[in-house]
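Fold and geometry: a report
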Amino acid sequence: MREKSSETRSPMPLLYRRHSSGDIMNNLASVSSSLLPAFGTVVGSDSPPLRKYVIAPYDRRYRWWQAFLVVLVIYSAWSSPFELAFKKVATGSLLYVDLVVDFFFAADIILTFFVAYLDKSTYLLVDIHKKIATRYVTHMMFPMDVASTLPYQTIYRIFTGKLHRGEVFGFLNLLRLWRLRRVSELFSRLEKDTRFSYFVTRTVKLICVTLFAVHSAGCFYYWIATHHEPSSDTWIGSIIENFEDRSIWLGYTYSMYWSIVTLTTVGYGDLHAVNPGEKVFNIFYMLFNIGLTAYLIGNMTNLIVHSAVRTFVMRDSINEILRYASKNRLPEGLKEQMLAHMQLKFKTAELQQEEVLEDLPKAIRSSISQHLFRRTVEKTYLFKGISDDLSRQLVTDLKAEYFPPKVEVILQNEIPTDFYIVVSGAMEVLTHKNGMEQFLIKLGPMDMFGEIGVFFNIPQPFTVRSKKLSQVVRISHHRFKQLVQPLDEDAKTIMTNFTQYLKDLKKEVQDEMPFLTELLLDLNIEQTRPIDDSENHEASNYGKKDREAGTPTSVLSNTFPLRVVIHGHHPHEETTDSKRTGKLVHLPESIEDLLNLAEKKFGKRGTTVLMADASQVEDLNALRENDHLFIS
């Protein structure tokens, strides 16, 4: 007993059954063959099934039936013009074949009364028998299906007892060409089905269109010749006497030969129009050939260009690089790096598919990142022991990149913006002294680089260069700071790992960072304090009271303190260029500490802290990165 009598049924029960039957890949590969649910439709195993004796339009068995009918349509497309031109086969050898084919299409007409249809206004399957029948009968498809299925020759013979060879039955048989819409629908589905090559599908479609045009034109041309008197005054009668009494396949061969040479060229002149009727037909056929040729050439050109467009773009990009390098006289090594990077970009475009990922929902992008890089992040020294929540967030924000061999990923003394994890390949860490390049260490999968400059807000201490084709993932230091700031336990774990890593560095690497010795004296497992080795990067006093009390400080204040620019004058005071230059410092804990720092920098004591618009600063927590402060 149904709880309610609904007029429509959600298409999703069909999709659910397909899913449960193990046809998942086919369902995903052929999006065009699946019904989309309307917004708000409840999807699940408890969705109401279709009514009894109703067939889902995309049921596998029904689709196989439709595929079988397509084979019969191909026969009908060949036999209908052929029987018009050669009447003997219509009442002879092909008569019984036509009856069998018509029987299958008659069965399909009956079957259609039991196939649910999709209501385009609600996008739901309608499975009520009365509605299905009413829709089919009132649609143009029903009378056309019936007209193209009736065996007119056989019906006439049953009622009269005679076999009629008139032209009317030949033209009535042409109604079977209505069935060609099934072939068009088939190709439309195949072109959207990722299991089949789009190029091959389109090529087969173009070949079928061409063959049908050639076959039909040849049959109609032969029919014209058979209805002209005298027969010797025709295109084929002028060559073959009594051609109608000769073999059917001889006439068909001549017809196909004329049709093909006329379609592909302007004809050889051996078979040509003789009487006015044939000349008129030739005129229209050649005009049709112009359109068909344009259609074929246009489609083939699009297919070829589509398959080669990426190659053209890559070649153009490489030529532009060569012209740019030659015009600006770039060194050979730098030019090779540019070319290698461009080639790698095109080779890895299909792997990265950034355009595709950008169109996906955030949850799907996150799941992809988790699948690809979660293991890499968890095995990296810096993130060992962190919580699952932080690990998931870090992986979601990673950006993947490829680097060809011998390309600098990080340059010594550049501003730190990102740090990197090696996923595959190898990197070498280098330092430059007096114009000489010195190798320090080699990095492999799961190793990190760039984090020292990021953690201490100092210029990158080393150059990192790819040793071979490498894939890396990177995360910006601003995003990393946002993720770690509210997680004190994870912050302590990360700083513990980082401190231990610094202590375990090779001596030759530590010697290249003169500030590291002093830094390691202040760093310990619970607390850290950033050290800066330049005049314009002052060590922050933020968290000093917490350290004296023996409590750990937050990762934001210790690892990533805000950097501000301080000036030793009033914002509206006119100063010389030398005095206008500010000092980049880490923001201290309090305004009093900031005034003390300014006194040390500028040699005079200020009393107030102002912004660029002369508004007074009363709470340092309201400041942002790289704000300009004026001490007066």
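Residues numbered from 1 in each chain as written. Predicted model: local features only at pLDDT ≥ 70, side-chain atom pairs only at ≥ 80, totals over all residues. Heavy atoms only, no water.

Defined as follows: UniProt positions are given in the numbering used here, feature names are shortened, and annotations may be inferred rather than shown by experiment.
With an unreviewed UniProt entry as reference, the chain is termed Potassium channel, source organism Artemisia annua. The UniProt entry for the chain carries this comment under Subcellular location (unreviewed entry): "Membrane".

1. Structural notes on the UniProt feature "transmembrane region" (unreviewed entry) in the chain
Our working rule: Helix and strand labels come from DSSP, where a helix needs a run of H or I of at least four residues and a strand needs a run of E of at least two; each type is numbered from the N terminus.
Mapped onto the present numbering, the UniProt feature "transmembrane region" (unreviewed entry) falls on residues 64-82, 94-118, 196-224 and 283-305. For residues 283-305, the end-to-end C-alpha separation is 33 Å, with 100% helix and 0% strand making up the annotated structure.

2. Some thoughts on the packing of aromatic side chains
Our working definition: Note on aromatic pairs: the rings of Phe, Tyr and Trp (six-membered ring only in Trp) are paired at centre separations within 6.5 Å, and the planes decide the class, stacked below 30 degrees, edge-to-face beyond 60, tilted for the rest. Only protein chains enter the calculation, and the probe is 1.4 Å; a residue is then buried if its accessible area is under 20% of its type maximum, exposed if over 50%, and partly exposed in between. Two conditions define a charge located above a ring, namely a distance within 6 Å from the ring centre to NZ of Lys or CZ of Arg, and an angle within 35 degrees of the ring normal.
Across all of its chains, the model carries 31 aromatic pairs by this definition. Their ring planes at 15 degrees and their centres at 4.8 Å tell us that Tyr 221 and Trp 235 sit as a pair that is stacked. One end of the pair, Tyr 221, is in helix 11 (residues 198-226); the other, Trp 235, is in the loop between helix 11 and helix 12 (248-264), with 14 residues separating them in the sequence. Grouping residues by exposure puts Tyr 221 and Trp 235 together as buried. On the numbers, 6.3 Å between centres and 15 degrees between planes, the contact of Phe 281 with Tyr 285 is stacked. Pair noted here: Phe 281 and Tyr 285 are both in helix 13 (residues 276-327), with a separation of 4 residues, about one helical turn. Connected via pairs of aromatic rings, a cluster forms that spans Tyr 75, Trp 78, Phe 82, Phe 86, Tyr 222, Phe 243, Trp 249 and Tyr 252. One residue, Arg 179, lies across the ring of Phe 105, its end atom 4.0 Å from the ring centre.

3. A closer look at the side chain of Asp 145
The condition that has to hold: In what follows, residue pairs with any heavy atoms lying within 4.5 Å of each other are defined as contacts.
Mapped onto the secondary structure, Asp 145 falls in helix 7 (residues 141-147). For Asp 145, the residues in contact, after removing those within four places along its chain, are Ile 109, Tyr 136, Trp 178 and Arg 181.

4. Quick notes on the environment of Ser 317
Within the secondary structure, Ser 317 sits in helix 13. Residue Ser 317 is classed as buried on the basis of its relative accessible area of 15%. Not counting residues up to four positions away in its chain, the partners in contact with Ser 317 are Met 342 and Phe 346.

5. Some points on the sheet that holds strand 8 (residues 448-449)
Let me state the cut-off plainly: Pairing between two strands requires that DSSP report at least two bridges joining them. Orientation is described by lines fitted to C-alpha atoms, with helices fitted over the stretch in contact, and by angles between N-to-C directions that extend from 0 to 180 degrees.
With respect to topology, 4 strands assemble into an open sheet ordered 3-10-5-8, the strand pairing being antiparallel. Strands at the two margins of the open sheet, each flanked by one partner only, are strand 3 (399-403) and strand 8. Note: strand 5 (residues 418-424) against strand 10 (residues 470-476), 6 bridges, orientation antiparallel. Its bridge partner lying in strand 10, Val 422 is registered against Val 472. Against the sheet, helix 20 (residues 477-484) touches strand 5 and strand 10, its axis set at about 60 degrees to strand 10.

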